[in-house]
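Close look at the chain arrangement
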Amino acid sequence: MAINKALDRIVGLAMLVLATTVFLYYTIWTLLLPFVDSKHPIQSFFPAPVWAIRIPVILLLLGGAVVGSFLSVVMIRSNRKKAAKARRIQAEAGKKGR
Amino acid sequence: MTRAQQQLSIGVLLASVYMAAFLGLVPLPEKIQNDVIPVLPLWAIVSFGCLLLCQLGWGVLTFNDVPEAHEELMKEIQEARADLQKKGVEVD
């Protein structure tokens, strides 16, 4: 019980730290670097600005694809179950009517 | 004014301000116009994602166990299960 709680704490803290880091890094990358000289040493921490556009777009598309596929698999499975159930009920009704 | 109307009007306001800046209707320094304005929507989406992740992480971090509620819930589940099975509904 206690170790679950500790694990929860660690996961929550990790998510918090990750979100803050990503936010600060991306903000500096997109909003502050254009105003910094190209010779300044801080430029070495950031890849080329094109990637500031490409990476989020690629991640968004990937995320959308994952969510869409998950949704379709669940819906197909549910429809198949419904069709099987309807067929079963039809068969039983047919047998009883005979 | 409903909440939806409020959100929509704020959204329209922000969109029009951004549109004015994007189309160059407002004279801005060239650096800002070319490098910062086009990337603002994507930055907003990324920051919103980070905000959501922060809220999730904070919630997970500060959530405390409630053992009595857990026991009560388990008992209610068992009662419901027994009741439904008596009435002939299939329960997993």
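Residues numbered from 1 in each chain as written. Chains lettered and ligands numbered in written order. Predicted model: local features only at pLDDT ≥ 70, side-chain atom pairs only at ≥ 80, totals over all residues. Heavy atoms only, no water.

**Overview of the interface of chain A and chain B**
Accessible area lost when the parts come together is the quantity often used to give the size of an interface. In this complex, chain A contributes 24 residues to the contact, which on the side of chain B involves 21 residues. For the pair chain A and chain B, the two sides together bury roughly 2100 Å², of which 79% comes from carbon and sulfur. On inspection of chain A and its partner chain B, the count reaches zero salt bridges. Along the contact surface separating chain A from chain B lie two residue pairs in polar contact (both at pLDDT 80 or more). Secondary structure elements with two or more residues in the side of chain A that touches chain B: helix H1 (2-32) and helix H2 (50-97) of chain A. (Contact = heavy atoms within 4.5 Å. Buried area = accessible area lost by both parts, 1.4 Å probe. Salt bridge = Lys/Arg side-chain N within 4 Å of Asp/Glu carboxyl O. Polar contact = N/O pair within 3.5 Å; in protein donor to acceptor, adjacent residues only side chain to side chain. Helix = DSSP H or I, 4+ residues; strand = E, 2+ residues; numbered from the N terminus.)

**Some words on the packing of H2 of chain A against helix H3 (residues 40-62) of chain B**
Helices that pack against each other are described as a pair by the angle of their axes relative to one another and the distance between those axes. It is at 11 Å that the axes of H2 of chain A and H3 of chain B come closest, and there the two elements cross at 55°. The pairing of H2 of chain A with H3 of chain B is recorded here as oblique in orientation. For the pair H2 of chain A and H3 of chain B, the sense of crossing is left-handed. Judged by residue contacts, Ala 52, Ile 53, Pro 56, Val 57 and Leu 60 of chain A of H2 of chain A engage Leu 42, Ile 45 and Val 46 of chain B from H3 of chain B. Of the residues contributing to the contact of H2 of chain A with H3 of chain B, the split by class is eight nonpolar, no polar and no charged. (Axes fitted to C-alpha atoms, helices over the stretch in contact; angles between N-to-C directions. Parallel < 35°, antiparallel > 145°, perpendicular 65-115°, else oblique. Left-handed = near helix turned anticlockwise from the far one by under 90°. Nonpolar A, V, L, I, M, F, W, Y, C, P; charged D, E, K, R; others polar.)

**A word on the UniProt feature "transmembrane region" (unreviewed entry) in chain A**
All names here are of chain A. As recorded in UniProt, the feature "transmembrane region" (unreviewed entry) lies at residues 12-32 and 52-76. As annotated, residues 12-32 comprises 100% helix and 0% strand, and the C-alpha atoms at either end are separated by 29 Å. Span residues 52-76 is 100% helix and 0% strand, its end C-alpha atoms 37 Å apart. (UniProt positions renumbered as here; feature names shortened; annotations may be inferred.)

**Observations regarding H3 of chain B**
Compared with the 33 Å implied by 1.5 Å per residue over 23 residues, the 32 Å span of H3 of chain B between its first and last C-alpha is a close match. Regarding H3 of chain B, the residues found buried are Leu 42, Val 46, Ser 47, Cys 50, Gly 57 and Leu 61 of chain B. (Expected span 1.5 Å × (residues − 1). Buried < 20%, exposed > 50% of the residue type's maximum accessible area, 1.4 Å probe, protein only.)

**Things to note about a negative patch on the surface**
Residue and element names in this part refer to chain B. Residues Glu 68, Glu 71, Glu 72, Glu 76 and Glu 79 make up a contiguous surface patch of negative charge. Examined against the element boundaries, Glu 72 turns out to sit in helix H4 (residues 67-87). Owing to a relative accessible area of 47%, Glu 72 belongs among the partly exposed residues under this scheme. (Patch = residues over 30% accessible without salt bridge, like charges linked within 9 Å, V, L, I, M, F, W, Y side chains within 5 Å. Areas by Shrake-Rupley, 256 points an atom, 1.4 Å probe, with all protein chains shown as cover. Lys, Arg positive; Asp, Glu negative; His and termini not counted. Charge placed at Lys NZ, Arg CZ, Asp CG, Glu CD.)

**A short note on the domain arrangement of chain A**
Here the domain parsing of chain A yields domain 1 (1-46) and domain 2 (49-98). Domain 1 of chain A and domain 2 of chain A are separated by 35 Å when their C-alpha centres are compared. (Domains from an automatic or database assignment.)

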